[in-house]
Amino acid sequence: MAQVLETEPRIYHYLRATCGVAVHVLCLSFTVFIAALARPGSSLFSWHPFLMTLAFSFFMTEALLLFSPHSSPIQKFSHKSKARYHWILQCLCVACAGLGLAAISYNKHLNGKPHFSTWHGLVGLLAACGVAAQSAGGLPLLYHRLVKGWSLARLKRYHAVSGLLAYLLGSSSLMLGMCSLWFTASVHGASWYLVAACPALSALFIMSQVTNAYMAKKALRP
């Protein structure tokens, strides 16, 4: 029994590391797949799915994985360096999301279609606004002197919780986008579920990472 307890943390670490690597592969594979499907540049609309996927599936996922204790690509870097790279990736996420929204808005304008008339559009708009607010809210963490009267630990907790919400909104927007006529016309059957699993599994891993780091109680040690 004692031997099992001694090996359990190591097994848990390896499982976490394996899942983390899998999430890196999933978010990259999903982004490449959507890029191949949308063929950005083939039309004005084609930029929308590509840029939104690049924003939420790749840049934002990788920005959060930087803080993973098991699968961060810059695990040996200081927390301050990780925070700066995280903020850079978040800014790239905001830029891509903004351009993606601009592309679909202008495309709807040209075709005389209503704006944000579906759940996909509304959730996508909320997600884009959320990540923009998160990037701005990250500045006090980088430069704590900008905020007086707030502890750094409290700011980190609020930023993590709101960031997780923004990420889940972004993932939900991607899932809803896969229910659109454009996507289901090309991907259907078992393939649809396989592709949809990519953002779903990534969201589950990120949610577990954030809750374990900021909200879950420490496990009792034997």
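Residues numbered from 1 in each chain as written. Predicted model: local features only at pLDDT ≥ 70, side-chain atom pairs only at ≥ 80, totals over all residues. Heavy atoms only, no water.

Visitor: Help me get a handle on the packing of aromatic side chains, residues and values and all.
Guide: Scanning the entire structure with this criterion turns up 6 aromatic pairs. Three or more aromatic residues joined by ring pairs form one cluster here, namely F45, W182 and F183. (Phe/Tyr/Trp six-rings, centres within 6.5 Å; stacked < 30°, edge-to-face > 60°.)

Visitor: Outline helix α3 (residues 79-111), supporting the account with residue identities and numerical values.
Guide: For α3, with 33 residues, the first-to-last C-alpha span of 47 Å sits near the 48 Å given by 1.5 Å per residue. Taken from the residues just after α3, G112 is the one with a positive phi, measuring 65°. (Helix = DSSP H or I, 4+ residues; strand = E, 2+ residues; numbered from the N terminus. Expected span 1.5 Å × (residues − 1).)

Visitor: Please set out the side chain of Q209 residue by residue, giving values where relevant.
Guide: Mapped onto the secondary structure, Q209 falls in helix α8 (residues 190-215). In contact with Q209, other than residues within four places in its own chain, are R16, L64, L65, F67 and S68. (Contact = heavy atoms within 4.5 Å.)

Visitor: Go over the confidence of the model for the protein chain with me, naming the residues and quoting the values.
Guide: Mean pLDDT over the protein chain works out to 88, with 92% of the residues at or above the 70 mark. Helix α2 (residues 47-65) holds the highest mean pLDDT among the elements of the protein chain, 97, whereas helix α1 (residues 2-38) holds the lowest, 81. Segment residues 1-8: pLDDT under 50, and 1 contact once partners within four positions in sequence are set aside and those in other chains are kept. Every residue in residues 217-222 is under pLDDT 50, and counting partners more than four places away or in other chains gives 1 contact. (pLDDT = per-residue confidence, 0-100.)

Visitor: Tell me what's going on with empty space enclosed by the protein, and back it up with residues and numbers.
Guide: Space left empty within the atom packing is revealed by a probe, the size of a water molecule, rolled over the atoms. The full count for this structure, using the stated rule, is 1 cavity of 30 Å³ or more. Its volume calculated, the largest cavity comes out at about 50 Å³. What lines the largest cavity is simply C27, F30, F56, S57, T61, Y167, G170, S171, L174, C198, P199 and S202. Mapped by element, the contributors of at least two residues to the lining of the largest cavity are α1, α2, α6 (152-177) and α8. For the lining of the largest cavity, the per-class residue count stands at 7 nonpolar, 5 polar and no charged. (1 Å grid on protein atoms, 1.4 Å probe; cavity = no way out; pocket = protein on both sides within 12 Å on 5 of 7 lines; lining within 4 Å. Points joined across faces, edges and corners; volume = space filled by probe spheres on them. Nonpolar A, V, L, I, M, F, W, Y, C, P; charged D, E, K, R; others polar.)

Visitor: How would you sum up a nonpolar patch on the surface? Please name residues and give values.
Guide: Together, L44, W47, Y106 and L110 line one region of the surface with nonpolar side chains, adding up to about 390 Å² of accessible area. Mapping L44 onto the fold places it in the loop between α1 and α2. The class for L44 is partly exposed, based on a relative accessible area of 31%. (Patch = residues over 30% accessible without salt bridge, like charges linked within 9 Å, V, L, I, M, F, W, Y side chains within 5 Å. Areas by Shrake-Rupley, 256 points an atom, 1.4 Å probe, with all protein chains shown as cover. Salt bridge = Lys/Arg side-chain N within 4 Å of Asp/Glu carboxyl O. Buried < 20%, exposed > 50% of the residue type's maximum accessible area, 1.4 Å probe, protein only.)

Visitor: Go over the layout of surface pockets with me, naming the residues and quoting the values.
Guide: Taken as a whole, the second largest pocket spans an internal volume of roughly 600 Å³. Lining the second largest pocket we find 27 residues, and of these F45, H48, H120, G177 and S180 sit closest to its centre. Looking at the lining of the second largest pocket, the elements with two or more residues in it are α1, α2, α3, α4 (119-137), α6 and α7 (181-184). When the residues that make up the lining of the second largest pocket are grouped by side-chain class, the tally is 14 nonpolar, 12 polar and 1 charged.

Visitor: An account of the environment of S186 is requested, with residue identities and associated values reported.
Guide: Within the secondary structure layout, S186 lies in the loop between α7 and α8. Spatially, the C-alpha atoms of S186 and Q75 are 39 Å apart, while their sequence positions differ by 111 residues.

Visitor: Hey, could you go over the state of the cysteines for me, with residue numbers and the actual values?
Guide: Scanning the entire structure with this criterion turns up 0 disulfides. Between C93, a free cysteine, and C96, which holds the nearest cysteine sulfur, the sulfur-to-sulfur gap is 7.4 Å. With no disulfide partner, C179 has as its closest neighbouring cysteine sulfur the one in C198, 15 Å distant. (Disulfide = S-S within 2.5 Å.)

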